[in-house]
Amino acid sequence: MEEELKCPVCGSLFKDPILLPCSHNVCLACARNITVQTPEGETPVQSRASGSSDYDYLDMDKMSLYSETDSGYGSYTPCQLKSPNGVRVFPPANHHRHCSLTCPLCHRSVSLDERGLRGFPRNRLLEAIVTRYQQNRRSSASSSSSSSSSSSTAVKCQLCDRNPVDATVMCEQCDVYYCHACQQRCHPSRGPLAKHRLVPPPNRAAGGGAASGGGSGGPLPPATARKPATCVDHEAENFSMYCYSCKVPVCMKCLEEGKHAKHDVKTLPMMWKQHKCQISQALNGVSDKAKDAKEFLVQLKNMLQQIQENGVEFEACLVAQCDSLIEALTRQKAKLLTKVAKEKDCKLKVVRDQITHCTMKLRQTTGMMEFCLEVLKENDPSGFLQISDALIKRVISSQDQWVKGALEPKAGPEFDLTLNTDSLLQTILQLDFCQGKVESGPSVPVAPLLQLEKCCTRNNSATLAWRVTAPPVSLIEGYILELDDGNGGQYREVYVGKETVCTVDGLHFNSSYNARVKAYNAVGVGPYSKTVVLKTSDVAWFSFDPSTAHRDIVLTNENQTVTCSSYDDRVVLGTAAFSKGIHYWEVRIDRYDNHPDPAFGVARINTMKDMMLGKDDKAWAMYVDNNRSWFMHNNSHTNRAEGGIAKGSTVGVLLDLTKRTLTFYINKEQHGPTSFENLDGVFVPAVSLNRNVQATLLTGLELPKNTKQ
């Protein structure tokens, strides 16, 4: 629990904690240190709390807080002014300054009004918990010290080598007692240790008492009743009601004349009991989970020894199985090589015979063609007509002979021995795997057979089909399909189920994937099938994605054409995602009115859709009008280039993830230098436009040549 009671700024236990609007707590002194002055007229968009007062006089030695694109989140950099002797110097107070405070945990910024830090409520509950925790810790330390030493109740230094002396301080962060000499030597108040909080040891804090009890000489001061919390806006009034709308306690004046006058309010005791009940119920669930986690840890620790023992036994069995498998493969090697040699000779003979036959037919056809050309040169009609009918029949007959499969190879270059090889290998694997099993009992399924004629790829998707090679001895409950990463890396599961056909989407373009499948049942998992290699498309064919587009985007032409119903720029993404390879696509301008500036490029899937592409840090784009263009990323405009677009123009985007660069083209010509470099990750094609522009997406294009740097 101690970590819950430490300030995120100083790392010590909370002292005078205040509650920020984000529900996080900081010490009052730490809040003064992290209060900063904002530039004139600039205020964060978060909720306001307070302004300049006697609580925030340290904010003049801070630099300005800069908000990030009006998100309300910001950061600050301390800037301290010091005199030559090291004393901090504060400029004269400026009564019209704007101050703000940034939460160190969630980085949410809040502006301060004229009350300064007094505008934040003081967390008296947390302060009371810290006090009880410190008293309990000191009482425990005092009891431990009393039982270990009968001659003295003083806490001894924990770092003295011999004859430890009485401790003078204790570090709350290190939880170590130091005497004066050891503290100066081992825990100086400078450098990283300067922020540690040193407190008197328990015997000193308790006034030197030797025994714990209810008397006046006991180590702990008697508990005192806490002063009731007062309203932040009306300091003379105690909290009496709870504003259900604002989720804060309020006083009667707040209800009569404050901003809570028309809000739904409830009595403070009722809400107090209700929230206590909710926390108790939530804690019951957490307690049950913690109990289950403890039991699970015990179970995992018991499994460690079992895994060690079973691992040794399984390794010995695996070695024996592999040795048997190697012997079986060696015996089959000669037979398979003989079959391959015979198949090769047969294919060579068929192809050679077809070459001879085709050469003869080609010679005959060529001779007939030359004869026909000579006949066509004759000017004697009667002589031509005497032989023309027969010649026409010969030409048609020759043409029919070529059409009837004469130009198709009778033997392919690939060897059709896959089924035979699978049958032999599966028999060996099944025999070796079942050697250690009881023959009369159930067994794991045999390896499935991938059906190559049904396996195919389309764009960046792959479809695989498989079947069992023989009637299963035992029931098959399902299949597990695995693919590698497209680079020969580790396999990963992509499908688990009973179906024998599966389509896998979202693969890399221009990549070769290895796929394999295995079956499982109640006994266990069977062996893998033979691996099949599937190659995805070299170029990407895709359209605009209506599911992720802004609601003002209008898509037509099977999601290939886009326009917008708003005068503001809206973003639409493509259906393809790229993380490797080289990709090129174009956008044709079908309508261009009033000289708008649409943007083209790439983006992350979570880029902002209600502003121009490139305004945030998740998009890289070129926006262009009728005369010039700029590159833009994270609202930074660079590389202005002359030349714009008009109706009928095409804007090309070249994403080269091998070089990690992005380049733009207008009307097939490179526009400007390489736009962006050092691109890494997953990118989606993106366009932003308004109602003055209509564009059509063109994909599956060849890569442009002669790219300039």
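Residues numbered from 1 in each chain as written. Predicted model: local features only at pLDDT ≥ 70, side-chain atom pairs only at ≥ 80, totals over all residues. Heavy atoms only, no water.

A contiguous nonpolar surface patch, about 450 Å² in accessible area, is contributed by Phe-296, Leu-297, Leu-300, Met-303 and Ile-307. Here Ile-307 is to be found in helix 6 (residues 268-376). Judged by relative accessible area, which is 51%, Ile-307 ranks as exposed. (Patch = residues over 30% accessible without salt bridge, like charges linked within 9 Å, V, L, I, M, F, W, Y side chains within 5 Å. Areas by Shrake-Rupley, 256 points an atom, 1.4 Å probe, with all protein chains shown as cover. Salt bridge = Lys/Arg side-chain N within 4 Å of Asp/Glu carboxyl O. Helix = DSSP H or I, 4+ residues; strand = E, 2+ residues; numbered from the N terminus. Buried < 20%, exposed > 50% of the residue type's maximum accessible area, 1.4 Å probe, protein only.)

Attention now goes to unusual backbone geometry. For residues other than glycine, phi is negative in most cases, and the peptide bonds are mostly trans. Backbone geometry places His-107, a non-glycine residue, at a positive phi of 65°. Along the chain, His-107 falls in the loop between strand 6 (98-102) and strand 7 (109-112). Although it is not a glycine, Asn-634 sits at a positive phi angle of roughly 55°. Position of Asn-634 relative to the elements: it lies in the loop between strand 28 (628-633) and strand 29 (636-642). Look at Asn-634 and you get partly exposed, because its relative accessible area is 44%.

By convention here, two paired aromatic rings are described through the distance between centres and the angle between planes. The full count for this structure, using the stated rule, is 11 aromatic pairs. On the basis of an interplanar angle of 70° and a centroid distance of 6.1 Å, the ring pair of Phe-542 and Phe-578 is categorised as edge-to-face. Here Phe-542, found in the loop between strand 21 (532-535) and strand 22 (553-556), pairs with Phe-578, found in the loop between strand 24 (570-573) and strand 25 (582-592); they are 36 residues apart in sequence, far enough to count as distant. Neither Phe-542 nor Phe-578 differs from the other in exposure class; each is buried. What links up through ring pairs into an aromatic cluster is the set Phe-509, Phe-542, Phe-578 and Trp-585. Above the plane of the ring of Tyr-491 lies Arg-516, whose end atom (NZ or CZ) is 3.8 Å from the centre. Its end group placed over the ring of Tyr-567, Arg-691 keeps NZ or CZ at 4.7 Å from the ring centre. (Phe/Tyr/Trp six-rings, centres within 6.5 Å; stacked < 30°, edge-to-face > 60°. Lys NZ or Arg CZ within 6 Å of the ring centre and 35° of its normal.)

Attention now goes to the sheet that holds strand 9 (residues 176-178). One open sheet holds the three strands; their spatial order is 9-8-10, and the pairing between them is antiparallel. The open sheet terminates on both sides in strands that have one partner only, identified here as strand 9 and strand 10 (198-199). In the sheet, strand 8 (residues 169-171) pairs with strand 9 via three bridges, with the strands oriented antiparallel. Each residue of the ladder has a partner; that of Cys-171, found in strand 9, is Val-176. (Pairing = 2+ DSSP bridges.)

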